[in-house]
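Listed here are the chains, written in short residue letters.
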Amino acid sequence: MSTERFVDLHTHSTASDGTYSPTELVRAAKACELVAIALTDHDTGNGLKEAAAEAAKVGMRFVPGIEISAEFPLPGTLHILGYFIDPDSPSLHRMSEILLEARNDRNPRIIKRLNELGCKITMEQVRAVVAGGVVGRPHIAEALVRAGCVASIKQAFDVYLGTTGSAYFPKERLTPRQAIACIHDAGGLAVVAHPVHLRCQNAAHLATAINHLTEAGIDGIEVWHSDHDARAVALMLELAKKYHLLPTGGSDYHGRHKADVTLGHGRHNVKVTVDVLDRLGTKWRPQSTTR
Ligand code: AMP
Ligand code: ZN
Ligand code: FE
Ligand code: FE
């Protein structure tokens with residue numbers, strides 16, 4: 001069947017800020033006839049074993065992944081995806097601990113500022129939204145909606161939580177080189193996620209940023225993404241060619257936390273064919289940490 005040629009290489013579960021458990025996510029991917037998915041939770045590989053087990057059960061290819069935030073000048077954000085990582089990698093666990101501490105330092109500061117701004121929410125209200133994983137801004141956004149402080153998650157980010165919002169605090173991040181090295185140490189391939197979020201002023205600046213990331217060891221670039229229109233896709237494909245990077249893509253599915261993004265389709269009818277994953281798999285050398 002023609003629909004059975006598609007994959008989604010960018011998804012989030014309840015191990016970070018998605019609203020479906022790893023098992024539910026794999027089942028949903030199976031239900032919409034994807035041939036493979038990658039789970040790429042923020043800063044953690046905690047959902048990977050559960051997702052892998054369910055994928056084996058339903059007979060689907062599964063790619064263990066992660067999405068790590070790295071330093072980049074504001075208002076841009078730099079996320080680096082890791083693919084084919086070993087969930088038991090000690091370097092990955094160390095990194096997750098460090099990033100979790102950074103979040104534990106940041107979340108209370110965001111809440112305190114929100115309180116000062118008149119939004120009376122508590123950490124307990126935020127925890128009530130979280131399904132046991134890494135606590136992030138989408139959870140705070142949901143708590144703000146539930147408390148009636150804002151009308152939508154989008155408004156929560158626009159007014160308070162986004163990089164230009166009044167309750168935004170940066171969190172301590174790894175350098176791009178550290179994030180890439182951690183992914184390589186865990187046996188994975190490193191891919192720069194949704195490059196439009198770097199918010200480079202023009203194509204030349206973007207090319208410079210991608211060039212720097214290439215020098216830092218990046219292996220691929222996310223070409224297809226929910227926030228990439230046709231023009232962005234063409235630009236990222238060009239950069240992939242220019243810097244010899246593997247093209248990847250996915251919806252960045254978060255369940256209800258990004259209600260307009262559908263699994264396997266994203267927002268601009270993102271469709272990633274299975275050959276993209278096959279190419280990625282070809283370049284992957286297990287445990288080749290000496291690149
Ligand atoms: P955090 O890891 O806590 O910094 O939160 C990052 C998450 O917030 C990612 O899932 C982003 O997709 C989401 N996010 C960032 N900016 C926005 C925005 N303007 N609207 C909705 N979600 C956003
Ligand atoms: Zn997220
Ligand atoms: Fe991201
Ligand atoms: Fe993501």
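Residues numbered from 1 in each chain as written. Chains lettered and ligands numbered in written order. Predicted model: local features only at pLDDT ≥ 70, side-chain atom pairs only at ≥ 80, totals over all residues. Heavy atoms only, no water.

**A few points about the side chain of His10**
- Here His10 shows up in the loop between β1 (6-8) and α1 (22-31).
- The class of His10 is buried, set by a relative accessible area of 0%.
- At a separation of 2.8 Å, a polar atom in the side chain of His10 contacts the side chain of Glu222. (Helix = DSSP H or I, 4+ residues; strand = E, 2+ residues; numbered from the N terminus. Buried < 20%, exposed > 50% of the residue type's maximum accessible area, 1.4 Å probe, protein only. Polar contact = N/O pair within 3.5 Å; in protein donor to acceptor, adjacent residues only side chain to side chain.)

**Remarks on the site of ligand 1**
- Taken together, Asp17, His42, Arg103, Arg106, Gly136, Arg137, Pro138, Phe157, Lys171, His254 and Lys258 form the complete shell of residues around ligand 1.
- Separating an oxygen atom of ligand 1 from a side-chain N or O atom of Lys258 is a distance of 2.7 Å.
- Bound to the protein, ligand 1 loses 78% of the 500 Å² it would expose on its own.
- A majority-of-atoms criterion places ligand 1 in the largest pocket.
- Listed by contribution, the elements that provide at least two residues to the shell around ligand 1 are α3 (90-116) and α5 (137-146). (Near = heavy atom within 4 Å. Areas by Shrake-Rupley, 256 points an atom, 1.4 Å probe, with all protein chains shown as cover. 1 Å grid on protein atoms, 1.4 Å probe; cavity = no way out; pocket = protein on both sides within 12 Å on 5 of 7 lines; lining within 4 Å. Sits in = over half its atoms within 2 Å of the grid points.)

**Points about unusual backbone geometry**
- Omega for the bond connecting Leu74 with Pro75 falls within 30 degrees of zero, at 5 degrees, which places this linkage in the cis form.
- With a phi close to 65 degrees, Glu33 is a non-glycine residue in the positive phi region.
- With respect to the secondary-structure elements, Glu33 resides in the loop between α1 and β2 (36-39).
- Residue Glu33 is classed as partly exposed on the basis of its relative accessible area of 28%.
- In this structure, Asp252 takes a positive phi of about 65 degrees despite not being glycine.
- With respect to the helices and strands, the residue Asp252 is situated in the loop between β7 (246-250) and β8 (272-273).
- On the basis of relative accessible area, Asp252 is assigned to the buried category, the value being 4%.

**Comments concerning the pairing of β2**
- Residues of β2 alternate between two faces, with Ala36 and Ala38 on one and Ile37 and Leu39 on the opposite face, all of them buried.
- At this point the chain moves from β1, through α1, to the parallel β2, and the crossover so formed is right-handed.
- Inspection of the sheet shows β2 paired to strand β3 (residues 61-70) by four bridges, in the parallel sense. The residue bridging Ala38 from the neighbouring strand is Val63, located in β3. (Right-handed = clockwise from strand over helix to strand, strands pointing away. Pairing = 2+ DSSP bridges.)

**Let's talk about the coordination of the iron ion (ligand 4)**
- The iron ion (ligand 4) binds to the protein through His10 (NE2), His12 (NE2), Glu67 (OE) and Asp252 (OD), with metal-donor distances spanning 2.0 to 2.2 Å.
- As a motif over one chain, the donors of the iron ion (ligand 4) read H-x1-H-x54-E-x184-D.
- Taken as a pair, the iron ion (ligand 4) and the zinc ion (ligand 2) lie 4.6 Å from each other. Linking His10 in the loop between β1 and α1 with Asp252 in the loop between β7 and β8, this pair joins segments that are 242 residues apart in sequence. Exposure class is identical for His10 and Asp252. Each is buried. (Donors = N, O, S within 2.8 Å, 3.2 Å for Na, K, Ca; no water.)

**Focus on the coordination of the iron ion (ligand 3)**
- Coordination of the iron ion (ligand 3) by the protein is provided by Glu67 (OE), His79 (ND1) and His194 (NE2), with metal-donor distances spanning 2.1 to 2.2 Å.
- All donors to the iron ion (ligand 3) come from one chain, and their sequence spacing reads E-x11-H-x114-H.

**Overview of the pattern of salt bridges**
- Under the defined criterion, the tally for this structure stands at 14 salt bridges.
- Residue Asp88 is joined to Lys49 by a salt bridge in which the shortest nitrogen-to-oxygen separation is 2.7 Å. In this pair, Asp88 is assigned in the loop between β4 (78-83) and α3 and Lys49 in helix α2 (residues 48-58), connecting sequence segments 39 residues apart.
- Judged by relative accessible area, Asp88 falls into the partly exposed class, the value being 46%.
- Given a relative accessible area of 51%, Lys49 falls into the exposed group.
- One network of salt bridges, with partners in common, ties together Arg27, Glu54 and Lys57. (Salt bridge = Lys/Arg side-chain N within 4 Å of Asp/Glu carboxyl O.)

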